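This is what each chain is made of:
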Amino acid sequence: MTQEILDKINRFTRREFTADELYTFSVILCDNEIDRDNERFSDGALEQLKTLFVGKTGIFDHDASTSNQNARIFATELVTDEQRRTKTGEPYRYLKASAYMVRTEENKNLIAEIDGGIKKEVSISCAAAKRCCSVCGCDKSLQSCSHIKGRSYNGAKCHIVLDDITDAYEWSFVAVPAQVNAGVTKRFTDESTAKSAGGTADENERRLRREIRRLAFVSGGKNAAAAAELMARGMNGAQLAGLMKSFERLVGHGKTEVQLSTETEAEQPSQYKL
Ligand SMILES: [Zn+2]
(Lines give C-alpha, C1' and ligand atoms only; values in the text may rest on other atoms or scores of the structure.)
Protein backbone atom coordinates (compact mmCIF):
# COMPACT_ATOMS: atom_id res chain seq x y z
CA MET A 1 0.00 0.00 0.00
CA THR A 2 1.45 3.33 -1.01
CA GLN A 3 1.46 6.41 1.20
CA GLU A 4 -0.84 8.09 -1.30
CA ILE A 5 -3.45 5.37 -0.89
CA LEU A 6 -3.08 5.46 2.87
CA ASP A 7 -3.61 9.23 2.86
CA LYS A 8 -6.74 8.84 0.76
CA ILE A 9 -8.17 6.27 3.13
CA ASN A 10 -7.32 8.23 6.25
CA ARG A 11 -9.44 11.12 5.00
CA PHE A 12 -12.44 8.91 5.74
CA THR A 13 -11.43 7.49 9.08
CA ARG A 14 -11.86 8.86 12.58
CA ARG A 15 -8.27 8.08 13.44
CA GLU A 16 -5.16 7.42 11.39
CA PHE A 17 -4.71 3.83 10.37
CA THR A 18 -1.50 2.14 9.38
CA ALA A 19 -1.20 0.00 6.27
CA ASP A 20 -1.14 -3.17 8.38
CA GLU A 21 -4.54 -2.43 9.85
CA LEU A 22 -6.22 -2.05 6.49
CA TYR A 23 -7.33 -4.34 3.72
CA THR A 24 -7.99 -2.93 0.25
CA PHE A 25 -9.62 -4.48 -2.78
CA SER A 26 -11.28 -3.47 -6.05
CA VAL A 27 -14.76 -4.03 -7.37
CA ILE A 28 -16.53 -3.23 -10.60
CA LEU A 29 -19.57 -1.22 -9.63
CA CYS A 30 -21.30 -0.89 -12.98
CA ASP A 31 -20.69 -0.48 -16.71
CA ASN A 32 -22.17 0.79 -19.96
CA GLU A 33 -23.42 -2.58 -21.20
CA ILE A 34 -27.12 -3.25 -21.64
CA ASP A 35 -28.00 -5.40 -18.67
CA ARG A 36 -30.41 -8.27 -18.23
CA ASP A 37 -33.22 -5.79 -17.69
CA ASN A 38 -32.51 -4.03 -20.97
CA GLU A 39 -31.13 -0.96 -19.29
CA ARG A 40 -27.75 0.70 -19.35
CA PHE A 41 -25.97 3.69 -17.91
CA SER A 42 -25.02 6.56 -20.21
CA ASP A 43 -21.42 7.76 -20.25
CA GLY A 44 -22.55 10.85 -18.37
CA ALA A 45 -24.22 8.68 -15.75
CA LEU A 46 -21.00 6.70 -15.26
CA GLU A 47 -19.12 9.97 -14.76
CA GLN A 48 -21.64 11.06 -12.14
CA LEU A 49 -21.50 7.70 -10.39
CA LYS A 50 -17.72 7.93 -10.36
CA THR A 51 -17.97 11.04 -8.19
CA LEU A 52 -20.99 10.00 -6.14
CA PHE A 53 -19.68 6.63 -5.00
CA VAL A 54 -16.51 7.98 -3.40
CA GLY A 55 -16.92 7.59 0.35
CA LYS A 56 -19.92 5.27 0.10
CA THR A 57 -20.06 2.21 2.29
CA GLY A 58 -20.71 -1.28 1.09
CA ILE A 59 -22.20 -4.11 3.03
CA PHE A 60 -21.89 -7.85 2.67
CA ASP A 61 -24.81 -10.15 2.07
CA HIS A 62 -27.16 -7.70 3.78
CA ASP A 63 -26.66 -9.60 6.95
CA ALA A 64 -27.35 -7.54 10.05
CA SER A 65 -25.28 -9.89 12.19
CA THR A 66 -22.20 -9.00 10.21
CA SER A 67 -22.80 -5.31 10.52
CA ASN A 68 -19.20 -4.53 11.32
CA GLN A 69 -18.12 -6.09 8.06
CA ASN A 70 -18.34 -2.97 6.03
CA ALA A 71 -16.13 -1.54 3.39
CA ARG A 72 -15.82 1.98 2.14
CA ILE A 73 -14.92 3.21 -1.31
CA PHE A 74 -11.96 5.58 -1.22
CA ALA A 75 -11.30 5.97 -4.93
CA THR A 76 -13.08 5.38 -8.23
CA GLU A 77 -11.91 5.20 -11.78
CA LEU A 78 -13.60 4.89 -15.17
CA VAL A 79 -11.88 2.29 -17.29
CA THR A 80 -12.37 1.87 -21.03
CA ASP A 81 -11.62 -1.43 -22.69
CA GLU A 82 -11.09 -0.57 -26.36
CA GLN A 83 -10.84 -4.26 -27.26
CA ARG A 84 -14.32 -5.01 -26.10
CA ARG A 85 -17.53 -3.61 -27.58
CA THR A 86 -20.91 -3.32 -25.95
CA LYS A 87 -24.10 -4.48 -27.65
CA THR A 88 -24.56 -0.95 -28.96
CA GLY A 89 -21.07 -1.02 -30.50
CA GLU A 90 -19.38 1.33 -28.08
CA PRO A 91 -16.11 0.59 -26.31
CA TYR A 92 -16.81 -1.23 -23.05
CA ARG A 93 -16.52 1.14 -20.11
CA TYR A 94 -16.81 0.31 -16.45
CA LEU A 95 -16.63 2.00 -13.11
CA LYS A 96 -14.00 0.47 -10.91
CA ALA A 97 -13.88 1.24 -7.22
CA SER A 98 -11.16 0.75 -4.66
CA ALA A 99 -12.45 -0.02 -1.21
CA TYR A 100 -10.94 -0.60 2.19
CA MET A 101 -11.87 -2.46 5.33
CA VAL A 102 -10.33 -2.16 8.74
CA ARG A 103 -8.95 -5.62 9.55
CA THR A 104 -10.63 -7.22 12.55
CA GLU A 105 -10.83 -10.70 13.99
CA GLU A 106 -14.44 -10.90 12.76
CA ASN A 107 -13.76 -10.08 9.14
CA LYS A 108 -10.76 -12.38 8.70
CA ASN A 109 -12.84 -14.99 6.90
CA LEU A 110 -14.57 -12.43 4.78
CA ILE A 111 -11.23 -11.02 3.65
CA ALA A 112 -10.08 -14.53 2.78
CA GLU A 113 -13.23 -14.98 0.70
CA ILE A 114 -12.66 -11.74 -1.18
CA ASP A 115 -9.03 -12.71 -1.76
CA GLY A 116 -10.15 -16.07 -3.04
CA GLY A 117 -12.53 -14.47 -5.51
CA ILE A 118 -15.61 -15.99 -3.92
CA LYS A 119 -17.48 -12.78 -3.38
CA LYS A 120 -17.88 -11.27 -6.78
CA GLU A 121 -21.25 -9.88 -7.50
CA VAL A 122 -21.77 -6.26 -6.64
CA SER A 123 -25.13 -4.66 -6.42
CA ILE A 124 -25.42 -0.89 -6.42
CA SER A 125 -28.20 1.44 -5.57
CA CYS A 126 -28.63 4.87 -7.11
CA ALA A 127 -31.20 7.38 -8.28
CA ALA A 128 -31.60 8.10 -11.98
CA ALA A 129 -33.75 11.12 -12.82
CA LYS A 130 -33.76 10.36 -16.53
CA ARG A 131 -34.72 7.06 -18.12
CA CYS A 132 -34.60 7.55 -21.84
CA CYS A 133 -35.96 5.26 -24.54
CA SER A 134 -33.11 4.19 -26.85
CA VAL A 135 -35.39 4.32 -29.90
CA CYS A 136 -37.08 7.73 -29.66
CA GLY A 137 -35.14 9.35 -26.81
CA CYS A 138 -38.17 10.26 -24.76
CA ASP A 139 -37.67 10.39 -21.01
CA LYS A 140 -39.86 7.58 -19.74
CA SER A 141 -39.86 8.98 -16.23
CA LEU A 142 -41.79 11.98 -17.56
CA GLN A 143 -43.83 10.55 -20.43
CA SER A 144 -44.50 7.25 -22.11
CA CYS A 145 -43.82 6.12 -25.64
CA SER A 146 -44.88 3.13 -27.68
CA HIS A 147 -41.52 1.36 -27.55
CA ILE A 148 -41.15 -1.60 -25.27
CA LYS A 149 -37.77 -2.47 -23.84
CA GLY A 150 -36.44 -5.79 -25.02
CA ARG A 151 -38.27 -5.58 -28.35
CA SER A 152 -36.50 -4.86 -31.61
CA TYR A 153 -37.25 -1.82 -33.75
CA ASN A 154 -35.54 -1.68 -37.14
CA GLY A 155 -33.07 -4.28 -35.96
CA ALA A 156 -32.09 -2.48 -32.76
CA LYS A 157 -33.23 -3.67 -29.38
CA CYS A 158 -35.06 -1.06 -27.39
CA HIS A 159 -33.51 -0.38 -24.01
CA ILE A 160 -33.57 2.29 -21.37
CA VAL A 161 -30.64 4.65 -21.02
CA LEU A 162 -30.21 5.71 -17.40
CA ASP A 163 -28.99 9.25 -17.09
CA ASP A 164 -28.81 12.22 -14.74
CA ILE A 165 -27.83 10.35 -11.61
CA THR A 166 -28.92 12.41 -8.63
CA ASP A 167 -27.58 10.22 -5.87
CA ALA A 168 -25.77 7.02 -5.13
CA TYR A 169 -26.74 5.02 -2.09
CA GLU A 170 -25.06 1.90 -0.85
CA TRP A 171 -23.39 -0.94 -2.66
CA SER A 172 -23.30 -4.51 -1.54
CA PHE A 173 -21.43 -7.68 -2.10
CA VAL A 174 -23.35 -10.82 -2.75
CA ALA A 175 -21.67 -14.16 -2.36
CA VAL A 176 -21.73 -16.16 -5.55
CA PRO A 177 -19.61 -19.13 -6.52
CA ALA A 178 -16.39 -17.99 -8.14
CA GLN A 179 -17.05 -19.80 -11.41
CA VAL A 180 -20.36 -18.10 -12.02
CA ASN A 181 -19.85 -15.20 -14.35
CA ALA A 182 -19.90 -12.18 -12.12
CA GLY A 183 -22.53 -9.84 -13.42
CA VAL A 184 -23.21 -6.41 -12.17
CA THR A 185 -26.64 -5.85 -10.80
CA LYS A 186 -28.08 -2.52 -9.91
CA ARG A 187 -31.06 -0.97 -8.35
CA PHE A 188 -32.18 2.52 -9.06
CA THR A 189 -35.07 4.82 -8.61
CA ASP A 190 -38.17 4.27 -10.58
CA GLU A 191 -39.42 7.81 -10.36
CA SER A 192 -37.90 11.01 -11.48
CA THR A 193 -36.47 12.95 -8.58
CA ALA A 194 -36.19 15.95 -10.87
CA LYS A 195 -39.89 16.55 -11.11
CA SER A 196 -40.55 16.81 -7.39
CA ALA A 197 -41.39 20.28 -6.16
CA GLY A 198 -38.94 20.28 -3.28
CA GLY A 199 -41.19 21.89 -0.67
CA THR A 200 -40.42 21.33 3.00
CA ALA A 201 -43.08 18.68 3.53
CA ASP A 202 -41.94 17.07 0.33
CA GLU A 203 -38.34 16.98 1.46
CA ASN A 204 -39.34 15.51 4.77
CA GLU A 205 -41.31 12.75 3.08
CA ARG A 206 -38.39 12.06 0.79
CA ARG A 207 -36.09 11.81 3.76
CA LEU A 208 -38.50 9.42 5.50
CA ARG A 209 -38.86 7.26 2.41
CA ARG A 210 -35.15 7.11 2.03
CA GLU A 211 -34.63 6.17 5.66
CA ILE A 212 -37.33 3.49 5.45
CA ARG A 213 -35.70 2.01 2.39
CA ARG A 214 -32.29 2.12 4.00
CA LEU A 215 -33.49 0.41 7.19
CA ALA A 216 -35.29 -2.23 5.15
CA PHE A 217 -32.12 -2.79 3.15
CA VAL A 218 -30.08 -3.23 6.32
CA SER A 219 -32.61 -5.65 7.80
CA GLY A 220 -33.49 -7.75 4.79
CA GLY A 221 -31.47 -6.83 1.75
CA LYS A 222 -32.59 -5.51 -1.57
CA ASN A 223 -35.85 -7.43 -1.77
CA ALA A 224 -36.93 -6.02 1.56
CA ALA A 225 -35.88 -2.55 0.44
CA ALA A 226 -37.94 -2.89 -2.75
CA ALA A 227 -40.96 -4.10 -0.80
CA ALA A 228 -40.66 -1.28 1.73
CA GLU A 229 -40.39 1.19 -1.10
CA LEU A 230 -43.64 -0.01 -2.62
CA MET A 231 -45.30 0.02 0.78
CA ALA A 232 -44.23 3.61 1.41
CA ARG A 233 -45.24 4.87 -2.01
CA GLY A 234 -48.79 5.97 -1.25
CA MET A 235 -48.19 7.06 2.33
CA ASN A 236 -48.39 10.55 3.79
CA GLY A 237 -45.86 12.04 6.21
CA ALA A 238 -47.44 10.71 9.40
CA GLN A 239 -47.81 7.22 8.00
CA LEU A 240 -44.22 7.28 6.79
CA ALA A 241 -42.98 8.33 10.23
CA GLY A 242 -44.88 5.38 11.74
CA LEU A 243 -43.43 2.95 9.25
CA MET A 244 -39.94 4.25 9.88
CA LYS A 245 -40.38 3.69 13.63
CA SER A 246 -41.39 0.07 12.98
CA PHE A 247 -38.30 -0.47 10.87
CA GLU A 248 -36.10 1.12 13.52
CA ARG A 249 -37.47 -1.32 16.07
CA LEU A 250 -36.98 -4.21 13.65
CA VAL A 251 -33.41 -3.32 12.92
CA GLY A 252 -32.62 -2.56 16.55
CA HIS A 253 -31.76 1.07 16.79
CA GLY A 254 -28.17 1.88 16.04
CA LYS A 255 -26.97 -1.68 16.38
CA THR A 256 -26.86 -2.50 12.72
CA GLU A 257 -25.94 0.91 11.49
CA VAL A 258 -23.45 0.88 8.72
CA GLN A 259 -20.63 1.84 10.97
CA LEU A 260 -18.44 3.71 8.58
CA SER A 261 -21.25 5.81 7.27
CA THR A 262 -21.14 9.54 7.75
CA GLU A 263 -23.09 10.57 4.70
CA THR A 264 -26.14 12.67 5.17
CA GLU A 265 -29.30 11.85 3.34
CA ALA A 266 -30.03 13.91 0.27
CA GLU A 267 -32.52 12.69 -2.26
CA GLN A 268 -35.57 10.58 -1.95
CA PRO A 269 -35.15 7.11 -3.30
CA SER A 270 -37.85 5.23 -5.00
CA GLN A 271 -36.20 1.95 -5.19
CA TYR A 272 -36.66 -0.81 -7.57
CA LYS A 273 -34.89 -4.08 -7.46
CA LEU A 274 -33.57 -6.17 -10.26
ZN1 LIG B 1 -39.57 5.35 -27.39
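Source: prediction; values computed, not measured. (Residues numbered from 1 in each chain as written. Predicted model: local features only at pLDDT ≥ 70, side-chain atom pairs only at ≥ 80, totals over all residues. Heavy atoms only, no water.)

## Quick notes on the coordination of the zinc ion
- Summarising the metal site, the zinc ion is bound by the protein donors Cys133 (SG), Cys136 (SG), Cys145 (SG) and His147 (ND1), whose distances to it range over 2.1 to 2.3 Å.
- Its four donor atoms give the zinc ion angles of 108 to 111° at the centre, a pattern that matches the tetrahedral case.
- The class for Cys136 is partly exposed, based on a relative accessible area of 42%. (Donors = N, O, S within 2.8 Å, 3.2 Å for Na, K, Ca; no water. Tetrahedral: all angles 85-135°; square planar, octahedral: opposite > 155°, others 65-115°. Buried < 20%, exposed > 50% of the residue type's maximum accessible area, 1.4 Å probe, protein only.)

## Structural notes on the pairing of strand E4 (residues 71-85)
- Pairing geometry for strand E3 (residues 57-60) and E4, over two bridges, is antiparallel. Note on E4: the bridge partner recorded for Gly58 is Ala71.
- With 10 bridges connecting them, E4 and strand E5 (residues 91-102) associate as antiparallel partners. Across the sheet, Thr76 pairs through a bridge with Ala97, a residue of E5. (Pairing = 2+ DSSP bridges. Helix = DSSP H or I, 4+ residues; strand = E, 2+ residues; numbered from the N terminus.)

## What to know about the nonpolar core
- Counting 30 residues, the largest nonpolar core has Phe25, Leu29, Phe41, Leu49, Met101 and Trp171 as its most contacted members.
- Ranked by residue count, the leading element in this core is strand E9 (residues 160-175), at six residues.
- Counting residues in hydrophobic clusters, the runner-up holds 12 residues, among them Ile212, Ala216, Ala228 and Leu240. (Core = buried A, V, L, I, M, F, W, Y, C linked by side-chain atoms within 4.5 Å.)

## A few points about the pairing of strand E1 (residues 22-31)
- Burial of E1 is extensive: seven of the 10 residues sit out of reach of the surface.
- Of the pairings in the sheet, the one linking E1 to E5 comprises nine bridges and is antiparallel in character. Across the sheet, Tyr23 pairs through a bridge with Met101, a residue of E5.

## Considering unusual backbone geometry
- In this structure, Asn154 takes a positive phi of about 50° despite not being glycine.
- Mapped onto the elements of the fold, Asn154 is located in the loop between strand E7 (152-153) and strand E8 (156-157).
- Judged by its relative accessible area of 87%, Asn154 is exposed.
- If you check the backbone angles, Asp164 has positive phi at about 55° while not being a glycine.
- Residue placement: Asp164 occurs in strand E9.

## Quick look at the pattern of salt bridges
- Under the defined criterion, the tally for this structure stands at 10 salt bridges.
- The shortest N-O distance in the salt bridge between Lys108 and Glu105 comes to 3.1 Å. For the residue pair Lys108 and Glu105, the accessibility class agrees, reading exposed in each case.
- Measuring nitrogen to oxygen at the nearest pair gives 2.9 Å for the salt bridge that ties Glu211 to Arg214. Of this pair, Glu211 and Arg214 are both found in helix H4 (residues 200-233), three residues apart, which corresponds to roughly one turn of the helix.
- Given the relative accessible area of 14%, Glu211 is considered buried. (Salt bridge = Lys/Arg side-chain N within 4 Å of Asp/Glu carboxyl O.)

## Overview of the packing of aromatic side chains
- Scanning the entire structure with this criterion turns up three aromatic pairs.
- Note on Tyr23 and Phe25: the rings are 5.6 Å apart at their centroids and 25° apart in plane angle, and the pair reads as stacked. The same class applies to Tyr23 as to Phe25, namely buried.
- Taking NZ or CZ as reference, Arg84 lies 3.8 Å from the ring centre of Tyr92, over its face.
- Arg213 extends its terminal NZ or CZ atom over the ring of Tyr169, reaching a point 4.9 Å from the ring centre. (Phe/Tyr/Trp six-rings, centres within 6.5 Å; stacked < 30°, edge-to-face > 60°. Lys NZ or Arg CZ within 6 Å of the ring centre and 35° of its normal.)

## Quick look at helix H3 (residues 108-115)
- Residues of H3 that are buried: Leu110, Ile111 and Ile114. For H3, the angular spread of the buried residues around the axis is 100°, confining them to a single face. Facing away from the buried side of H3, by more than 90 degrees, are the exposed residues Lys108, Asn109 and Asp115.
- Note on H3: the residue one or two positions beyond its end, Gly117, has a positive phi of about 75°. (Arc of directions from axis to C-beta.)

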